Amino acid sequence: MFIYLSKKIAIPNNIRLKCVSWNKDQGFIACGGDEGLLKVLKLETQTDDAKLKGLAAPSNLSMNQTLEGHSGAVQVVTWNEQYQKLTTSDQNGLIIVWMLYKGCWYEEMINNRNKSVVRSMSWNADGQKICIVYEDGAVIVGSVDGNRIWGKELKGIQLAHVAWSPDSKILLFGMANGEIHIYDNQGNFIMKMTVSCLHNVTGAISIAGIHWYAGSEGYVEPDCPCLAICFDNGRCQVMRYESDESPVFIDTLMNVASIQWNQCGSVLAVAGSLRGMEKEVNVVQFYTPFGEHLRTLKVPGKQMTEVAWEGGGLRIGLAVDSYIYFANIRPDYKWGYCSNTVVYAYTKPDRLEYCVVFWDTKNNEKFVKYVKSLMSITTSGDFCILATKADDTHPQEDADVESGNNAMYVLVLCNSIGTPLDSKYIDIDPLFVTMTKTHVIAASKEAFYTWQYRVAKKLTAMEINQVSRTRKEGRERVYHIDDSPSGTTEGPLDFAKAFTATRDPICCITATDKTLIVGRESGTIHKYSLPNVALVQKYSLNYRAYQLSLNCTSSRLAIIDISGVLTFLDLEVRSSSDDGSGSQAGTGDPSKFERKDVWDMLWANDNPDLFAMMEKTRMYVFRNLDPEEPIQTSGYICNFEDLEIKSVLLDEIMKDPERPNKDYLINFEIRSLRDSRALIEKVGIEDASQFIEDNPHPRLWRLLAEAALQKLDLKTAEQAFVRCKDYQGIEFVKSLGNLQSEAMKQAEVAAYFGRFEEAERMYLDMDRRDLAISLRIKLGDWFRVLQLLKTGSGDCDDALLEQAYNAIGDYFADRQKWVNAVQYYLQGRNQERLAECYYMLEDYDGLERLASSLPENHKLLPDIGQMFVTVGMCEQTVNAYLKCNQPKAAVDACVHLNQWNKAVELAKNHNMKEINSLLAKYASHLLEKNKPLEAVELYRKAHHFLEAAKLMFKIADEEAKRRTRPLRVKKLYVLAALLVENYHSQVKTSQQNKAKGKTSEATSALAGLLEEDATSSDNRMVDSAWRGAEAYHFFLLAQRQLYEGYMVKAMKTALHLRDYEDIIPVVEIYSLLAICSSANRAFSTCSRAFIKLESLESLSPEQRQLYEDLALEIFTKHSPKNNHMSGLDNAPEGAEGKLPTCIVTGWTISEYQFWMCSVCKHCALENEIGSHNFCPLCHSSLA
């Protein structure tokens, strides 16, 4: 930061000031002094000029009111910012609360104890309560509306100071003897504060100030010290909270009168006078919360009594004798400027991290990034470096593990929108960071680290590996400041040597592409070469540099010292200038140059003798060390090239950092550019050309060239373009020379300067619509092209019209507006993009229409086929592929979509042999994976019904063996039988197709049967396809009839089961028969069933014994004779063999009329089937 005195206000009648306080929100300044003096002032910075903002604006007193009411010396003034109240008290103990009404201050409340005197008053953070302490130990806490909340007498204690904690839960009382006591907000004593900074201090001391920053604008970093306590002897301690055991100690070596934090708790001002001088010197010292000294401000006068910060932190007010002095502060913002982007950081009260904003000033866009413990921002070219403290939660990725210690700091390389591109973990504290186009250099007090950064283009995997290994190859180096590196490559990166102490620490660094400059506190300056770091030379100055800057040729170094004096040092001996007028004549003598109160400077990027600097609130531009007239501004200089200076009003941005405004970025043209422009406009091109000849610069030549073009002075324009090396410009002038008509030239020039509307109008006036169209085509403005084409008289070029439609279609497609794109592509007949749009819109009908409208073998058909495949539309896919004569692709698509029947059909039609092998391979794969049902499905879809049936019978047999539910087994057998039926009908149709129109039906049927015979080695399976289904059908039917109580029916059905001993276990058949016949009292049948059971060989002796016992028990009671007429044992036979069985009841059908199922060809009695909707056996519908 930099600080300088800027204004002084005298108090009438030389009345001495005792106190001053600045209202942070409204900007009122209250000052109190002897003889009851109390004034409220306000500095107003009103200006109409947008550029004159902030400190640069003239500040006049907009309020200067004397408040009458006190008779004795006013000793305490304090503001309540939330409620706009001022509280004051004088040496007689009178307290007055003032309020603002219609622009003037009036007394609102008065209070006087008539005992003792008020030593200190403090409002809490939200302005609700005030605590007042009296010298005699009385404490009063009152509310903002004047009511007393509580009061207390602290016996035998002299009070001097009071402070609230930020959360208003704690009060600190400072005693006259220097002790500090901690109380809660109800007035109960908690503890004494340990004041460690007074270690080994003797004699009487008193407290100069207690200030507890309330965190209203966030903290500089997490866990930041915020409670400052300072004593009159200059000892100071800064604590994180009231009982902090390790505070920060500061010894200011001065007699302190007053202390105060700035608005964001980042700077502590300590005001007083230096000790040990012959005459007292008033100074204000500035410190960070961590005790680092920032600046010293010397102030004239005899005795300083109080310091007060302005709300924005850009000014301080000082009460000295009978004057108020104001000093302006130029803060060290964390900021930078890279490729049209201003990067700045600020803190928020609700977040611990810094909020880093990348504000693209060209497009007025901003990108925000939150960074913990940010230390600095450094920019160069298109990139920026954020230096931060390493977070414990993120271990470093690429720090050398061998070194064994954890890297403490991180350098993050970002682009201009805040995207991290690379990062390096380092062990040294990056107090000073600078960067060039190729290197980042970070320095601590003892050592500096160089990193040759690379910006990743598209890296291959191999290159990425190399990049990750390059750490060992020496893209990073560490050098101790006391070493003298020779530029040869040293060993591996070693941070260990960076921690050796040095007597002469580093205090600033700067670098260009070929030179690195390091300044040390003694005034020595080291010059190193880059990229191989070698110590080239040492220079010694008799002052300590604070900021260094090299010009674009690295020939001259600008040095701003700690007190703001700018001087120069020539690093290269300048050769005699071209005109031969002596060595130093053209460049000014740097040894005699000196400017005071300089806080910022920047060399031009393109001229080694041109630089801009900020002195107080003025910007000066120097050419060869001669100043131009100053410009009033308080901006920070971003960039200086092409004779233009970009400056940014960071003070204004920081007032509302979330909404940066384009007005805060200001461009200044330097004098030679302004003069040249004025000459061209007022005098003429000839004289201007002569002036530019004397002050040559590419920007001025370009200015001249453009002016000459406007006037169509082609000769001058060409010469000027040659001087500024603009090849395109030269070409343009040549092409203008070839044009005949004057109007044509003017139109071309208008187009060259980007005045396209004007150029188009000129072309149309010349009746050259074609040129207007080609201009718009160059600009890519196809909407206008279409308009021009349509408004043209006569026929317009169809090809161009199509091109325009397609380009507009592309415009909409790029923005994902597919519906609009379709309309234009249709008009532009762009089938490829149309297909894409239909696909994106999921308009598959449109896609199908498109496919059918395309001619055969069109190159787009395979793509459309692929589109249909991705959404599972098989038929459309096949059509598309067949249309472009790719049956193989069609088959593959069917296979991919599991449409095997279609695949097999296509393969047969196109004589493709491999489909069967593919099918078999896939089926065996499914069987290996133990997915037989999926294999069946596969064969069924491919119309290989016989293989499917074989598999199905196998599954049914296995299920039957496992004794699972009979119904499930019946279903499996039914499915197998249905597959066999499908196979029959397949053979039949194929025979019919072959024999069409040749022979009678009978012959073809016979041929079909013969073919079946030939193909089916598994005759049993084909002939008796329904046996398994029948067996389980009757097995289930018998049990159902038995449970429903139809004993006769049950027994009859059970008798049928004897034909199916090969399918259902014999034990189950005869057990069921035995139960049904005994229930039906047909003991003769029952007896035969028992005989069969007892003779079974598969039974164990124990089981056989059980059957014998059961038979004995039954037949001792009942003789083995059938009670009813039961000729049921043998099924009656008809003339043609066995009679059919009714599948509904299990009875044998002897009538001539009966019902037969069309699918399974099984019969039932007509009167029985009437109540059914489905065939009881194969479950097919009867409709």
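Further up the page is the structure itself.
It should be emphasised that the depicted structure is a prediction, and the values quoted were computed from it without experimental measurement.

Concerning the pattern of salt bridges
Tallied over the entire structure, the rule returns 38 salt bridges. Ionic pairing is found between Lys192 and Glu179, a salt bridge with its closest N-O pair at 3.0 Å. Of this pair, Lys192 sits in strand S17 (residues 189-192) while Glu179 sits in the loop between strand S15 (170-175) and strand S16 (180-184), placing them 13 residues apart in sequence. The class of Lys192 is partly exposed, set by a relative accessible area of 45%. For Lys616, the salt bridge is made with Asp597, and the minimal N-O distance between the two is 3.4 Å. Residue Lys616 is located in the loop between strand S49 (610-615) and strand S50 (618-623), and its partner Asp597 is located in the loop between strand S47 (566-570) and strand S48 (598-603); the two are separated by 19 residues in the primary sequence. Classification of Lys616 as partly exposed rests on a relative accessible area of 27%. For Asp597, a relative accessible area of 21% puts it in the partly exposed group. A cluster of three or more residues bridged by salt bridges with shared partners is formed by Glu757, Glu760, Arg776, Asp781 and Arg784.

A look at the environment of Cys414
Tracing the backbone through its elements, the reader meets Cys414 in strand S35 (residues 409-414). On the basis of relative accessible area, Cys414 is assigned to the buried category, the value being 0%. Here the alpha-carbon distance between Cys414 and Thr379, two residues 35 residues apart in the chain, equals 9.4 Å. Every residue in contact with Cys414, bar those within four places of it in the chain, is listed here: Phe358, Lys369, Phe383, Cys384, Leu386, Thr419, Pro420 and Leu421.

Re the sheet that holds strand S43 (residues 524-529)
With antiparallel pairing, four strands are arranged side by side in an open sheet as S41-S42-S43-S44. For this open sheet the edge positions go to strand S41 (506-511) and strand S44 (534-540), each flanked by a neighbour on one side alone. With direction set aside, neighbouring strand axes in the sheet form an average angle of 20 degrees. The sheet contact formed by strand S42 (residues 515-520) and S43 spans five bridges and is antiparallel. Looking at the pairing, Gly519 lines up with Ile525 of S43.

Overview of the pairing of strand S25 (residues 293-299)
Here strand S24 (residues 282-287) runs beside S25; their pairing, made up of six bridges, is antiparallel. Looking at S25, one finds that Val283 is bridged to Lys298. Between S24 and S25, which pair antiparallel and follow one another directly, the connecting turn spans five residues, one of which, Gly291, has a positive phi of 90 degrees.

Considering the sheet that holds strand S38 (residues 439-443)
Strand order across the open sheet formed by four strands is S37-S38-S39-S40, with antiparallel pairing between neighbours. The open sheet is flanked by strand S37 (432-435) and strand S40 (476-480), the only strands paired with a single partner. When the angles between neighbouring strand axes are averaged without regard to direction, this sheet yields 15 degrees. Relative to S38, S37 runs antiparallel, the two sharing four bridges. Pairing of Met435 across the sheet is with Val440, part of S38.

Focus on the side chain of Thr252
Relative to the elements of secondary structure, Thr252 occurs in the loop between strand S21 (248-251) and strand S22 (254-261). Given the relative accessible area of 4%, Thr252 is considered buried. Among the polar contacts listed, one links the side chain of Thr252 to the backbone oxygen of Gly234, at a separation of 2.8 Å. When residues no more than four places from it in sequence are discounted, the contact partners of Thr252 are Gly234, Val270, Gln285 and Tyr287.

Rules used in this analysis
Residues numbered from 1 in each chain as written. Predicted model: local features only at pLDDT ≥ 70, side-chain atom pairs only at ≥ 80, totals over all residues. Heavy atoms only, no water. Salt bridge = Lys/Arg side-chain N within 4 Å of Asp/Glu carboxyl O. Helix = DSSP H or I, 4+ residues; strand = E, 2+ residues; numbered from the N terminus. Buried < 20%, exposed > 50% of the residue type's maximum accessible area, 1.4 Å probe, protein only. Contact = heavy atoms within 4.5 Å. Pairing = 2+ DSSP bridges. Axes fitted to C-alpha atoms, helices over the stretch in contact; angles between N-to-C directions. Polar contact = N/O pair within 3.5 Å; in protein donor to acceptor, adjacent residues only side chain to side chain.

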